[in-house]
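Understanding the architecture of this molecule
Chain residues, written in single-letter form:
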Amino acid sequence: MTAKVIDGNALSKQLRAEVTTRAAALTARGHQPGLAVILVGEDPASAVYVRNKVKACEDSGLLSVFDKYEATLSEAALLARIAALNADPAIHGILVQMPLPKHIDSGKVIEAIATHKDVDGYSVLSAGELMAGLPGFRPCTPYGCMKLIESTGVSLKGKHAVVIGRSNTVGKPMALLLLQANATVTVCHSGTPDLAYHTRQADVVVAAVGRRNTLTGDMVKPGAVVIDVGINRNDEGKLCGDVDFASVSEVASHLTPVPGGVGPMTITMLLVNTVEAAERAATQADA
Ligand SMILES: Nc1nc(=O)c2c([nH]1)NC[C@@H]1CN(c3ccc(C(=O)N[C@@H](CCC(=O)O)C(=O)O)cc3)C=[N+]21
């Protein structure tokens, strides 16, 4: 079997067309959606992602405000900037690119963002809303993974999903979203003694570890759907995921590539969350 490649760029294009339509309708009502993106320091990978986010906003007719600061920016100055953006009616979403320099407490920064502008879904309240099944902003990467799985037409109901990784931004929220979709969910991590034992039973595997070749073809059940969240570099410096694409594509039914899979969907769901935030604000303003 050769797996179907799940095209994250194509799905993004579809979803971004909907975002563009919704943004245009808001703009016509005098409520153009606005996203503020804050980058602190010079990390080259972060600079690429942030540039992609700002460009995606422009392409879909969202206003983007991009703040780039030196790595020496004080925590107090960053918190003051967030307070100003919280109060700015033209801004509906605030994203502070992670990681932040060590002298800044990222937890404190995330909690400083007004919940109704937390389009990353990183705050404790957003996490609680997801946990409780309440409306709120879902973290963009796992949200995008759900859309990629949906796009295969494979139902999650009653299926066994294995998540590899337990981060607050991907693994944990991913497990909750899969659970909400009625999958039976196993979460594996660096302390799991026999990873392959679990992944071989999975109808869906989401790999979010940050280590290449974590999942190989011999670890996958025939016909499984495999979502690769990893962003790594191979020995030649080429971008690659956590999944050994060649061997897994011989076994899986559907598989996301890196690049062109989860990455573009992360940005797309950020746009979706921002338009959602703007729609809520516009409804309140017009009420
Ligand atoms: N507050 C915050 N929110 C984030 O959502 C966030 C963050 N911080 N810090 C870093 C991670 C990483 N991330 C990516 C977004 C897009 C691509 C992406 O577009 N990837 C392209 C390739 C890009 C390339 O060529 O390097 C692809 O996979 O096709 C990748 C990674 C968002 N993150």
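Computed from a predicted model, the values in this text were never measured in an experiment. (Residues numbered from 1 in each chain as written. Predicted model: local features only at pLDDT ≥ 70, side-chain atom pairs only at ≥ 80, totals over all residues. Heavy atoms only, no water.)

Close to the ligand lie 17 residues, the nearest being Val96, Gln97, Met98, Asp120 and Gly260. Asp120 is positioned such that a nitrogen or oxygen atom in its side chain is 2.6 Å from a nitrogen atom of the ligand. Measuring from an oxygen atom of the ligand, one finds a backbone N or O atom of Gly260 at 2.7 Å. Its free accessible area being 670 Å², the ligand has 80% of it covered by the protein chains. Secondary-structure elements contributing two or more residues to the shell around the ligand are helix H2 (44-59), strand E4 (93-96) and helix H10 (262-286). With four residues, the top contributor of residues to the shell around the ligand is H10. The residue makeup of the shell around the ligand, split by class, is ten nonpolar, five polar and two charged. Two domains each provide a minimum of three residues to the shell around the ligand, namely domain 1 (30-114) and domain 2 (140-263). (Near = heavy atom within 4 Å. Polar contact = N/O pair within 3.5 Å; in protein donor to acceptor, adjacent residues only side chain to side chain. Areas by Shrake-Rupley, 256 points an atom, 1.4 Å probe, with all protein chains shown as cover. Helix = DSSP H or I, 4+ residues; strand = E, 2+ residues; numbered from the N terminus. Nonpolar A, V, L, I, M, F, W, Y, C, P; charged D, E, K, R; others polar. Domains from an automatic or database assignment.)

Tracing the sequence through the fold places His160 in strand E5 (residues 160-164). Ignoring sequence-local partners within four residues, the contact set of His160 consists of Thr184, Thr186, Gln201, Ala202, Asp203 and Val204. (Contact = heavy atoms within 4.5 Å.)

This paragraph deals with the sheet that holds E4. Backbone hydrogen bonds hold the strands of a sheet together, and the pairing may be parallel or antiparallel. Here we have three strands laid out as an open sheet, ordered E3-E2-E4, and parallel in their pairing. The open sheet terminates on both sides in strands that have one partner only, identified here as strand E3 (63-69) and E4. Along the sheet, successive strands turn relative to each other by an average axial angle of 15°, direction set aside. Where strand E2 (residues 34-40) lies against E3, seven bridges are found, and the strand directions are parallel. Note on E3: the bridge partner recorded for Ala36 is Val65. Across the face of the sheet, H2 comes into contact with E2, E3 and E4 while running at roughly 165° to E2. Sheet strands touched by helix H3 (residues 75-86): E2, E3 and E4. Its angle to E2, the strand with the most contacts, is close to 175°. (Pairing = 2+ DSSP bridges. Axes fitted to C-alpha atoms, helices over the stretch in contact; angles between N-to-C directions.)

A few words now on helix H6 (residues 140-151). Look at H6: 16 Å from first C-alpha to last across twelve residues, which is about the 16 Å you get at 1.5 Å a residue. Those residues of H6 not exposed but buried are Cys140, Thr141, Pro142, Gly144, Cys145, Met146, Leu148 and Ile149. Buried residues in H6 make contact with helix H1 (8-28), helix H7 (171-180), strand E7 (204-207), strand E8 (225-228) and H10. (Expected span 1.5 Å × (residues − 1). Buried < 20%, exposed > 50% of the residue type's maximum accessible area, 1.4 Å probe, protein only.)

Moving on, we get to the packing of H1 against H10. Direction vectors running N to C along H1 and H10 enclose 20°, while the axes themselves pass 9 Å from each other. Judged by the angle between their axes, H1 and H10 are roughly parallel. Note on packing geometry: the crossing formed by H1 with H10 is left-handed. Only Pro264, Met265, Ile267, Thr268, Met269, Leu271, Val272, Val275, Glu276, Ala278, Glu279 and Ala282 of H10 make contact with H1, whose side of the interface consists of Gly8, Asn9, Leu11, Ser12, Leu15, Arg16, Val19, Arg22, Ala23 and Leu26. Along the lines of polarity and charge, the residues of the contact of H1 with H10 split into 14 nonpolar, four polar and four charged. (Parallel < 35°, antiparallel > 145°, perpendicular 65-115°, else oblique. Left-handed = near helix turned anticlockwise from the far one by under 90°.)

What follows concerns the pattern of salt bridges. Where charged atoms of side chains with opposite charge meet at close range, the side chains can pair. One pass over the structure, following the stated rule, counts nine salt bridges. Measuring nitrogen to oxygen at the nearest pair gives 2.9 Å for the salt bridge that ties Lys108 to Glu75. With Lys108 in helix H4 (residues 106-112) and Glu75 in helix H3, this pair connects stretches of sequence that are 33 residues apart. Given the relative accessible area of 46%, Lys108 is considered partly exposed. Assessed through its relative accessible area of 17%, Glu75 is described here as buried. Among the ionic pairs, Arg212 bridges to Asp235, the shortest N-O distance being 2.8 Å. Of the two residues, Arg212 sits in the loop between E7 and E8 while Asp235 sits in the loop between strand E9 (232-233) and strand E10 (239-240), which places them 23 residues apart along the sequence. Taking the relative accessible area as the measure of exposure, Arg212 reaches 32% and is therefore partly exposed. Classification of Asp235 as exposed rests on a relative accessible area of 69%. Beyond isolated ion pairs, a larger network of salt bridges with shared partners links Arg22, Glu276 and Glu279. (Salt bridge = Lys/Arg side-chain N within 4 Å of Asp/Glu carboxyl O.)

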